[in-house]
Amino acid sequence: MMRDHITFIYGDGLKILQEHMYNPHAVFFLDPPYTAAGKKAGSRLYTHSEINHEALFAIASNLKGDFLMTYNDADEIRALASSYHFDWQLIPMKNTHHAKMTELLISPNLDWLRT
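Notes on the structure in this doc start here. (Residues numbered from 1 in each chain as written. Predicted model: local features only at pLDDT ≥ 70, side-chain atom pairs only at ≥ 80, totals over all residues. Heavy atoms only, no water.)

With respect to the sheet that holds strand β4 (residues 100-107)
Judged by pairing direction, the sheet is mixed, and its 4 strands sit side by side in the order β1-β2-β4-β3 without closing on themselves. Where the open sheet ends on each side, the last strands, each with one partner, are β1 (28-30) and β3 (87-94). Across the sheet, the mean angle separating the axes of adjacent strands is 25 degrees when strand polarity is ignored. Where β1 meets strand β2 (residues 67-72), 3 bridges bridge the pair, whose relative direction is parallel. Across the sheet, the residue bridging to L30 is M69, located in β2. The strands touched by helix α3 (residues 53-60) within the sheet are β1, β2 and β4, with β2 carrying the most contacts at an inclination of about 160 degrees. (Pairing = 2+ DSSP bridges. Helix = DSSP H or I, 4+ residues; strand = E, 2+ residues; numbered from the N terminus. Axes fitted to C-alpha atoms, helices over the stretch in contact; angles between N-to-C directions. Contact = heavy atoms within 4.5 Å.)

Digging into helix α4 (residues 75-83)
Of all the residues in α4, the buried ones are I77, L80 and A81. One face of α4 carries all of its buried residues, which in axial projection span an arc of 100 degrees. The inward-facing, buried residues of α4 abut α3, β2, β3 and β4. Just past α4, the residue H85 takes up positive phi, approximately 60 degrees. (Buried < 20%, exposed > 50% of the residue type's maximum accessible area, 1.4 Å probe, protein only. Arc of directions from axis to C-beta.)

Dropping the structure here:
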């Protein structure tokens, strides 16, 4: 029922976010390469893995629409989320080798997750 309302865009994610920043009806799922705090998974998995994590958080803080972001659990990311007054929650996940790990969900408000 929702497929006509979802668009996947190939391109520079930061640029796309800026192009749609003022659209209150746009909702974003942000899953950047996990390269913050020395994490190597993003570098191994993606050709274009370099990202300015601070810039992503700055842009996200100005989005008029909602967003949900996933990130590796790192003190650096928790600090960025806190400095931009985002809500964050650890969630369980499995990596490609089925090892149990945790990652962060980040959003302006995650109350829906805790109910």
